[in-house]
Amino acid sequence: MLITLIWSVGCFIILFCSGILLEQICERITKSKSDLWSFDTCFFFGLGLTSLVTAYLSLIVPINGSSLSIYTVFLFLLLFISKVEWRLRERFGYFNKKGLALIAFSLLFLFIVTGSEIGISDSRLYHAQNIQWIRNYSLVPGLGNFVGQFGFNSMFFPLTAMFTLDLTLANQ
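So, here is what we can say about the structure in this document.

About the cut-offs
Residues numbered from 1 in each chain as written. Predicted model: local features only at pLDDT ≥ 70, side-chain atom pairs only at ≥ 80, totals over all residues. Heavy atoms only, no water. Helix = DSSP H or I, 4+ residues; strand = E, 2+ residues; numbered from the N terminus. Contact = heavy atoms within 4.5 Å. Expected span 1.5 Å × (residues − 1). Buried < 20%, exposed > 50% of the residue type's maximum accessible area, 1.4 Å probe, protein only. Arc of directions from axis to C-beta. Core = buried A, V, L, I, M, F, W, Y, C linked by side-chain atoms within 4.5 Å. Axes fitted to C-alpha atoms, helices over the stretch in contact; angles between N-to-C directions. Parallel < 35°, antiparallel > 145°, perpendicular 65-115°, else oblique. Left-handed = near helix turned anticlockwise from the far one by under 90°.

## Quick notes on the environment of Ile 14
Item 1. As for its position among the elements, Ile 14 is in helix α1 (residues 2-30).
Item 2. Between the alpha carbons of Ile 14 and Phe 43 there is a distance of 8.9 Å; along the sequence they are 29 residues apart.
Item 3. Setting aside residues no more than four positions away along its own chain, Ile 14 makes contact with Leu 68, Tyr 71, Thr 72, Leu 75 and Phe 163.

Listed below in C-alpha cells is the structure:
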C-alpha cells in the first residue's frame with residue numbers, strides 16, 4: 001500500500017506539473033498574465049496534455065517506464081528553463097475540511113481498488129493485453145485484424161501503459 005501511495009503521489013505530481021507547464025505556454029502564446037489556475041485545473045489539463053503526448057508517442061515508441069522517465073526529465077527541464085512561478089499556497093489555498101475529506105476518501109478508494117481483483121470482463125479479455133502491447137511495442141499495423149478488440153484504441157491505454165507500476169524487471 002505504501003508503494004501504491006508513493007507511486008500515486010508521483011503520478012499526481014507529474015500530471016500537476018504538466019498542467020503548470022501548459023499554463024505557462026498559454027500565457028506566453030497569449031502574451032498576457034491570466035488568472036492563476038487552481039490545482040484541479042492544472043491536474044486535469046496536465047492529464048489531457050500527458051494523454052495527448054503518450055498517444056502520439058505510442059505510434060513510434062513503446063510506452064513504458066523508460067518513456068515515463070524521459071517524459072518526466074523533459075517536463076522538469078522545461079519547467080526549470082521557463083522559470084515557473086509555482087505559487088502553490090495560492091493554488092491549494094482554498095482547501096477546507098470537505099476538500100481534505102474528499103482527498104482522503106479518494107485515497108481510500110484507490111487502495112481498495114488496487115488491492116481487489118479485476119471485476120470487468122473486458123479488462124481480462126483485451127484491456128490488459130492491449131496495454132501490454134503498448135508497453136512492449138510501438139504501433140503494430142494490422143493487430144486489430146488478429147484480435148478485433150485491439151482495433152478499438154483508447155487514449156486511456158497509452159496513459160495507463162506509461163503510469164503502470166511494474167514491480168517485476170522481466171518486462172523491461
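## Examining helix α3 (residues 65-81)
Given 3.6 residues to a turn, an α-helix orients residues that are three or four positions apart in the same direction.
Item 1. Spanning 17 residues, α3 covers 24 Å between terminal C-alpha atoms, matching the ideal 24 Å at 1.5 Å per step.
Item 2. Among all positions in α3, only Ser 67, Leu 68, Tyr 71, Thr 72, Leu 75 and Leu 79 are buried. Buried positions in α3, seen along its axis, are confined to an arc of 130° and lie on one side of it. Looking at α3, the residues exposed on the side facing more than 90 degrees away from the buried face are Ile 70, Val 73, Phe 80 and Ile 81.
Item 3. Two residues or fewer past α3, Lys 83 is found with a positive phi of approximately 50°.

## A short note on the nonpolar core
General note: in soluble globular proteins, nonpolar side chains tend to be found buried as a group.
Item 1. In this structure, Ile 14, Ile 20, Leu 75, Leu 79, Met 162 and Phe 163 are the most contacted members of the largest nonpolar core, which totals 24 residues.
Item 2. Mapped by element, the contributors of at least two residues to this core are α1, α2 (39-57), α3, α6 (121-136) and α8 (156-162).
Item 3. Examining the composition of this core, we find that eight residues originate from one element, α1, more than from any other.
Item 4. Once you skip the residues sitting within four places of it in the chain, Met 162 turns out to touch Thr 50, Thr 54, Ile 63, Asn 64, Ser 67, Leu 68 and Tyr 71.

## Looking at the packing of α1 against α3
Item 1. Axis separation between α1 and α3 bottoms out at 10 Å; the angle between their running directions is 45°. In terms of axis orientation, α1 runs oblique to α3. For the pair α1 and α3, the crossing hand works out as left-handed. Residues Trp 7, Ile 13, Ile 14, Cys 17, Ser 18, Ile 20 and Leu 21 of α1 touch α3, and the partners they reach there are Leu 68, Tyr 71, Thr 72, Leu 75, Phe 76, Leu 78 and Leu 79.

## What to know about the environment of Phe 45
Item 1. For Phe 45, the position within the fold is in helix α2.
Item 2. Residues Phe 45 and Leu 22 lie 23 residues apart in sequence; the distance between their C-alpha atoms is 7.4 Å.
Item 3. Residues in contact with Phe 45, not counting those within four places in the same chain, are Gly 19, Leu 22 and Trp 37.

## Overview of the side chain of Ser 51
Item 1. Along the polypeptide, Ser 51 turns up in helix α2.
Item 2. Residue contacts for Ser 51: discarding those within four places in its chain leaves Met 155 and Leu 159.

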